[in-house]
Amino acid sequence: MQGLYAVFKKELCDHFSSYRFVILFALIAMVSFISSYMAGIHMKENLEALASTRFPFLMLFSSTGALFSMVQFVAFFGPLIGLVLAFDSINRERADGTLIKLISQPIYRDAVINGKFLAGVATITIMLIAIVLVISGLGLVIVGIVPGIEEIWRLFVYLIISIFYISFWLAVSILFSISFKSIATSALASIALWIFLSFFVSLGANVVADSIAPVDRQKEPNPEMIIKNIRIREMVSLCSPMVLYSEATQTIIDPMRKTTRSVVLMGPMEELLSSRFQNPLPLGQSILVIFPHMTALVALTLICFAISYVIFMVQEIRT
Amino acid sequence: MEASTIIETVNLTKHYNRQTAVKDLSFKVNEGEVFGFLGPNGAGKTTTLLMLMGLSHPSGGSARVCGLDPLRKPIEVKRIAGYLPENVGFYGDLDAVQNLKYVASLNGIQTDKASEKIDELLDLVGLKQDARKKVGAFSRGMKQRLGFAEVLIKDPKLLFLDEPTIGLDPDGALRLMEFIKSLNRDRQITVLLSSHNLYQVQKISHRVGIMIHGEMVAEGTIESLAKEKFGVGQKEYSLEEIYMKYFQEV
Ligand SMILES: Nc1ncnc2c1ncn2[C@@H]1O[C@H](COP(=O)(O)OP(=O)(O)O)[C@@H](O)[C@H]1O
Ligand SMILES: [Mg+2]
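Residues numbered from 1 in each chain as written. Chains lettered and ligands numbered in written order. Predicted model: local features only at pLDDT ≥ 70, side-chain atom pairs only at ≥ 80, totals over all residues. Heavy atoms only, no water.

Asks: What is the right way to read the overall build of chain B from this model?
Replies: Within chain B, the regular secondary structure consists of nine helices and nine strands. For a compact globule of 250 residues, the expected C-alpha radius of gyration is about 18 Å, and chain B comes in at 18 Å, within 12% of that figure. Seen through its C-alpha atoms, chain B measures out along the principal axes to roughly 55 × 40 × 40 Å. If you take every contact in chain B between residues at least 6 apart in sequence, the share linking residues at least 24 apart comes to 68%. Entry remark: accessible area of chain B is about 11600 Å², with carbon and sulfur atoms responsible for 46%. Charge-centre separation for chain B: the mean point of 32 positive side chains lies 3 Å from the mean point of 32 negative side chains. (Helix = DSSP H or I, 4+ residues; strand = E, 2+ residues; numbered from the N terminus. Rg over C-alpha atoms; globule rule 2.2 N^0.38 Å. Contact = heavy atoms within 4.5 Å. Areas by Shrake-Rupley, 256 points an atom, 1.4 Å probe, with all protein chains shown as cover. Lys, Arg positive; Asp, Glu negative; His and termini not counted. Charge placed at Lys NZ, Arg CZ, Asp CG, Glu CD.)

Encoded structure:
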């Protein structure tokens, strides 16, 4: 325990004093700030429309300002936080010769990897809470809206999902930093996986669905085929943590489902379905809807970390 | 006076894939002595030290360090034994004190006690002036001395030193060897010293072992090895002559 705490403390200090963290935090804070600010301005101009919505406060996070909403931005660039925090966590120590020194101290070897992972999670948590608080403050100042109890709960759930989402990428980058001896390789591999899972899986899902269950849009559409097509597409795209995350957070933050989800994922049936939501889903129901997504995200994170853990524990460390 | 055994290995073996790095190694180190661990590059010295520290799993045989099996009780072994690797690494963007504080916290030393200890050790290794310098800017010799401060922080009974004089200038190497001698004498630390610096190993070692191709070909005091190789003679043989003789025979 004392070893775990020592590693955790050191890593946390390192994160908060590193330039890369400061730059990343500044970037993410700035973009979320701007998009929420624009959303706020927009809301202020349409105050009467605002009066009819149930959750005006959450719109600060979910309505698209100029380009994207804060929620969408975190879905796209959140992974980068996880990756940047840990892509060199183990292999840099190996290259510098500090890893052998660490494990020749009287600590369990897993204290090193657990401490690094937990410090990363703590950093992510602090970062996200700070951003959400800043945006909430912004909402209070610009639009003058106060969050209701349910909105606070929804934001809380959103935070939890986001922490797991970014921690998944943290676990991925730790895995790469253990598997690859070279820092450049692990950085590249992390970025490649991020691009692949985030952008290509949803495109790939379309291709797979259309080839297995082709839907001819010119002719009379066959409803069975359309359903099959959508099912396949959803199955495939659930392999992408980004899709899991976006779906989960949209359901939580945007219970009316007013804003569209990523365009590639929106099937014709679903479009129909979402417009049926005249009333917001209650919080309990929202959580129930996203429960599989959350479970999948947590499982992905844990599996990824478990693999790194096992590799690290059996690996021979000579330098 | 017959000293008690602090390190003992029995048929210790390590294979890497097909290659044998250490083969049926059996030797002993007595408590309180400096044991010179000699051998050409690739002989298996580092591998042996790693197995004694519990950092590498032997393929066969067993080892005892202070009566403990490093395979089963690595934490206990690491608590009493310090290991100074061949290329000591530090966190270059931290200063000497911060590096030492981290190692102290890993050893479970309380912060206030650690500061005292760190001051004392920096003084001992002669880095008092550089305590607040970033280690990234340290010279090789300074890093080596900081490495010593790090392994001494846990008050070890036993030190494993892997080629500590490598890359040091002759004067630095000489002073480092004298420092090791003083640790052994003043702090009663048993030292297992792997080195190529035969002249100085001869000066400070009580006994030596020569390892070639993973096997210990000789073990004992320098006089006994000389006697074994050259017979009883008037001439005093140097460790270098003995070493070369063993080396040529293999
Ligand atoms: N990870 C490894 N994989 C395969 N062979 C290794 C590995 N590490 C060391 N060896 C081999 O083990 C032998 C002993 O190495 P080492 O203990 O480092 O020698 P020394 O420290 O005496 O120079 C060498 O022949 C080396 O090639
Ligand atoms: Mg070596």
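Having put the structure on the table, let's press on.
Asks: How do you make sense of the side chain of Asn99 of chain B when you look at a structure like this?
Replies: Within the secondary structure layout, Asn99 of chain B lies in helix α3 (residues 96-106). Excluding its chain neighbours within four sequence positions, the residues that come into contact with Asn99 of chain B are Lys101 of chain A together with Phe90, Tyr91, Leu94, Val135 and Glu150 of chain B.

Asks: What should I look at first to understand the site of ligand 1 in this one?
Replies: Taken together, Arg318 of chain A together with Tyr16, Gln19, Ala21, Pro40, Asn41, Gly42, Ala43, Gly44, Lys45, Thr46 and Thr47 of chain B make up the full set of residues adjacent to ligand 1. Proximal residues around ligand 1 fall on chains A and B, making this an inter-chain site. Residue Gly42 of chain B places a main-chain N or O atom 2.7 Å away from an oxygen atom belonging to ligand 1. A distance of 2.8 Å separates an oxygen atom of ligand 1 from a polar atom in the backbone of Lys45 of chain B. Calculation on ligand 1 without its partners gives an accessible area of 570 Å², and the protein chains cover 68% of this total. With three residues, the single largest contributor to the shell around ligand 1 is helix α1 (residues 45-52) of chain B. Here the shell around ligand 1 is built from residues that sort into four nonpolar, six polar and two charged. (Near = heavy atom within 4 Å. Polar contact = N/O pair within 3.5 Å; in protein donor to acceptor, adjacent residues only side chain to side chain. Nonpolar A, V, L, I, M, F, W, Y, C, P; charged D, E, K, R; others polar.)

Asks: So what exactly am I meant to see when it comes to the environment of Thr5 of chain B here?
Replies: All names here are of chain B. Mapped onto the elements of the fold, Thr5 is located in strand β1 (residues 5-16). A relative accessible area of 37% means that Thr5 is categorised as partly exposed. Through-space distance from the C-alpha of Thr5 to that of Pro74 is 19 Å; in sequence the pair is 69 residues apart. Beyond its immediate chain neighbours, meaning those up to four positions away, Thr5 contacts Lys28, Val29 and Asn30. (Buried < 20%, exposed > 50% of the residue type's maximum accessible area, 1.4 Å probe, protein only.)

Asks: Would you take a moment to explain the pattern of salt bridges for this structure?
Replies: Charged atoms that come close allow side chains of opposite charge to pair. If you walk through the whole model with that rule in mind, you get 18 salt bridges over all chains. Two residues, Glu11 of chain A and Lys116 of chain A, come together in a salt bridge whose shortest N-O distance is 3.1 Å. Of this pair, Glu11 of chain A sits in helix α1 (residues 2-17) while Lys116 of chain A sits in helix α8 (residues 109-142), and the two are 105 residues apart along the sequence. Lys116 of chain A matches Glu11 of chain A in its accessibility class, with the two residues each being buried. Where Arg207 of chain B meets Glu33 of chain B, a salt bridge forms, and the shortest distance between an N and an O atom there is 3.2 Å. Linking Arg207 of chain B in strand β8 (residues 207-212) with Glu33 of chain B in the loop between β2 (19-30) and β3 (34-38), this pair joins segments that are 174 residues apart in sequence. Accessibility assignment for this pair places Arg207 of chain B and Glu33 of chain B in one class, buried. (Salt bridge = Lys/Arg side-chain N within 4 Å of Asp/Glu carboxyl O.)

Asks: I keep staring at the packing of aromatic side chains and nothing clicks. Help me out?
Replies: For any pair of aromatic rings, the description consists of the separation of the ring centres together with the inter-plane angle of the planes. Evaluated as defined, the whole model comprises 15 aromatic pairs over all chains. With a centroid separation of 4.3 Å and an interplanar angle of 25°, the aromatic rings of Phe117 of chain A and Phe305 of chain A are classed as stacked. Taken together, the residues span a long stretch of sequence, with Phe117 of chain A in helix α8 and Phe305 of chain A in helix α14 (residues 283-314) at a distance of 188 residues. A residue is classified by how much of its surface remains accessible, and Phe305 of chain A, at 13% relative accessible area, is buried. Taking 5.6 Å as the distance between ring centres and 50° as the angle between the ring planes, the aromatic pair formed by Phe176 of chain A and Phe180 of chain A counts as tilted. An aromatic cluster of at least three residues, connected via ring pairs, comprises Phe16, Phe21 and Phe25 of chain A. The cationic tip of Lys10 of chain A hangs over the ring face of Tyr91 of chain B; the distance from NZ or CZ to the ring centre is 3.7 Å. Against the face of Tyr102 of chain B rests Lys10 of chain A, its NZ or CZ located 5.2 Å from the ring centre. (Phe/Tyr/Trp six-rings, centres within 6.5 Å; stacked < 30°, edge-to-face > 60°. Lys NZ or Arg CZ within 6 Å of the ring centre and 35° of its normal.)

Asks: Sorry, what's going on with unusual backbone geometry here?
Replies: Peptide bonds are, in most cases, trans, and in most cases residues other than glycine have a negative phi. All names here are of chain B. Even without being glycine, Asn11 reaches a positive phi, approximately 50°. Its relative accessible area of 39% is what places Asn11 among the partly exposed residues. Positive phi, normally seen in glycine, also occurs at Asp155, with a value near 50°. Looking at the element boundaries, Asp155 is found in the loop between α5 (140-152) and β6 (158-162).

Asks: When you look at helix α11 (residues 223-237) of chain A in this model, what are you seeing that I'm missing?
Replies: Given 3.6 residues per helical turn, the α-helix brings residues three or four places apart onto the same face. All names here are of chain A. Taking 1.5 Å per residue, 15 residues should reach 21 Å; α11 reaches 21 Å between its end C-alpha atoms and fits that length. Buried within α11 we find Ile226, Asn229, Ile230, Ile232, Arg233 and Ser237. On an axial view of α11, the arc spanned by its buried residues comes to 165°, and they lie on one face. Every exposed residue of α11 that faces more than 90 degrees away from the buried side is listed here: Glu224, Arg231 and Met235. (Expected span 1.5 Å × (residues − 1). Arc of directions from axis to C-beta.)

Asks: Can you walk me through the side chain of Glu33 of chain B in this structure?
Replies: On the basis of relative accessibility, which here comes to 6%, the residue Glu33 of chain B falls in the buried class. Filtering out sequence-adjacent residues up to four positions away, Glu33 of chain B remains in contact with Lys28, Asn184, Thr190, Val191, His206 and Arg207 of chain B.

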